[in-house]
Amino acid sequence: MADIIDGRKLSKALNQGRVKAGAAKLSRAPGLAAVLVGADPASMVYVKRKGLVADRVGFYHRQVDLPVETTQAELLRVVEALNVDPKIDGILVQLPLPAHLDSQEVLDTISPTKDVDGFHAVNAGLLAQGRARFVPCTPLGVMRMLEAYEINLSGMDAVVVGRSDIVGKPMAMLLLAANCTVTICHSRTKNLAETVARADLVVAAVGRPEMVKGDWIKEGAVVIDVGINRVADGSLVGDVEYESASRKASFITPVPGGVGPMTIAMLMENTLRSAQISQGVEPF
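Computed from a predicted structure; not experimentally measured.

Conventions used here
Residues numbered from 1 in each chain as written. Predicted model: local features only at pLDDT ≥ 70, side-chain atom pairs only at ≥ 80, totals over all residues. Heavy atoms only, no water. Buried < 20%, exposed > 50% of the residue type's maximum accessible area, 1.4 Å probe, protein only. Helix = DSSP H or I, 4+ residues; strand = E, 2+ residues; numbered from the N terminus. Arc of directions from axis to C-beta. Contact = heavy atoms within 4.5 Å. Pairing = 2+ DSSP bridges. Right-handed = clockwise from strand over helix to strand, strands pointing away. Phe/Tyr/Trp six-rings, centres within 6.5 Å; stacked < 30°, edge-to-face > 60°. Salt bridge = Lys/Arg side-chain N within 4 Å of Asp/Glu carboxyl O.

A. Here's a closer look at helix 5 (residues 121-128). Those residues of helix 5 lying buried are Asn 123, Leu 126 and Leu 127. Relative to the axis of helix 5, the buried residues are bounded by an arc of 100° and lie together on one face. Residues of helix 5 that are exposed and angled more than 90 degrees away from the buried face: Ala 121 and Ala 128. At its buried positions, helix 5 is contacted by helix 7 (168-177). A positive backbone phi angle near 80° is found at Gly 130, which sits one or two residues after helix 5.

B. A look at the sheet that holds strand 11 (residues 251-252). Ordered in space as 1-11-8-7-5-6, the six strands form an open sheet in which the pairing is parallel. Each of the sheet's edge strands pairs with one partner strand only, and the pair in question is strand 1 (3-4) and strand 6 (181-185). Two elements, strand 7 (residues 201-204) and strand 8 (residues 222-225), share four bridges in a ladder whose sense is parallel. Pairing of Ala 204 across the sheet is with Asp 225, part of strand 8.

C. Examining helix 7 more closely. Regarding helix 7, the residues found buried are Gly 168, Pro 170, Met 171, Ala 172, Leu 174 and Leu 175. Among the structural elements, helix 5, helix 6 (137-148), strand 5 (157-161), strand 6 and strand 7 are those in contact with the buried residues of helix 7.

D. Region of the structure containing the pairing of strand 3 (residues 60-66). Sheet topology note: the strand 2 (residues 31-37)/strand 3 ladder contains seven bridges and is parallel. Bridge assignment links Val 35 to a residue of strand 3, and that residue is Val 64. Between strand 2 and its parallel partner strand 3, the chain crosses via helix 2 (residues 41-56), and the hand of that crossover is right-handed.

E. The arrangement of the environment of Val 68 in detail. Within the secondary structure layout, Val 68 lies in the loop between strand 3 and helix 3 (72-83). As for Val 68 and Met 266, which are separated by 198 residues in sequence, their C-alpha atoms are 28 Å apart. When sequence neighbours within four positions are dropped, the list of residues in contact with Val 68 reads Val 37, Gly 38, Pro 98 and His 100.

F. Summary view of the packing of aromatic side chains. Enumeration according to the criterion identifies one aromatic pair in this entry. Between Tyr 149 and Phe 251 the ring centres are 6.2 Å apart and the planes differ by 75°, which places this aromatic pair in the edge-to-face class. Of this pair, Tyr 149 sits in the loop between helix 6 and strand 5 while Phe 251 sits in strand 11, placing them 102 residues apart in sequence. In this structure Phe 251 comes out as buried when scored by relative accessible area, which is 18%.

G. Fine view of the pattern of salt bridges. Counting across every chain of the model gives eight salt bridges. Arg 144 is paired through a salt bridge with Glu 269; the nearest N and O atoms lie 2.3 Å apart. Of this pair, Arg 144 sits in helix 6 while Glu 269 sits in helix 10 (residues 259-278), and the two are 125 residues apart along the sequence. Glu 269 gets classed as buried once you look at its relative accessible area, which sits at 3%. The residue Glu 241 makes a salt bridge to Lys 213 at a minimum N-O spacing of 3.9 Å.

Worth remembering: the numbers are spatial, not functional.
Dropping the structure here:
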């Protein structure tokens with residue numbers, strides 16, 4: 001059976017350790033603003049959770065709640081005001097936005113120096129060049145997990161299932177920088193099972209319940225399941241068939257309790273980094 005990569009335990013250690021200690025050393029508390037448009041239940045839960053963690057690590061936190069009928073111009077004005085607010089080091093616009101809003105324009109309006117989600121084109125470009133300022137939180141959390149469990153990535157054959165700008169693409173770039181040989185797969189990949197079956201490391205981030213079957217997993221492979229999907233009985237499952245995959249993998253992340261908590265921890269880490277840069281403190 002695979003060893004479990006415990007994201008809850010690791011994220012708590014990071015938050016209460018280096019992040020909280022780093023915040024305490026600054027002349028002004030790091031400031032994180034979360035913008036929520038509408039009342040999507042899942043988004044409300046996520047934003048509340050991020051706010052609670054921010055409070056625990058000693059950050060200044062502000063939540064901006066906007067009605068679902070908010071216009072594009074109104075939302076952009078909110079973002080632009082946060083861009084120039086000296087108390088705010090990081091801006092998070094919770095996705096998905098209501099259908100009538102242009103998410104890309106909103107993300108492009110966030111100042112690259114406060115883009116702690118790492119979604120702005122400037123930060124994506126810096127990551128691609130190997131000189132990242134802010135790395136998207138989920139891929140960064142995955143890398144921290146692999147490091148914490150002393151998994152040597154150099155020379156690994158890594159397969160990333162998913163090609164989103166939020167997870168798949170930056171994940172592939174980080175693994176490439178760690179000296180993996182990387183294959184990116186997606187919904188139109190031919191022979192997906194065969195591609196996964198040769199991987200030393202599988203990162204599943206496709207958003208489909210249990211799409212990656214346990215019998216696809218190579219004996220001894222490391223399995224990172226980024227997906228979180230609610231199924232008909234109300235339970236949460238990942239993008240990987242957990243039970244069967246755990247019988248073959250050497251390490252595996254659970255759902256929930258794996259990558260999710262680390263994503264929030266990395267949001268805090270990026271916000272602290274932004275505050276350190278703005279206050280002239282050498283970032284960790």
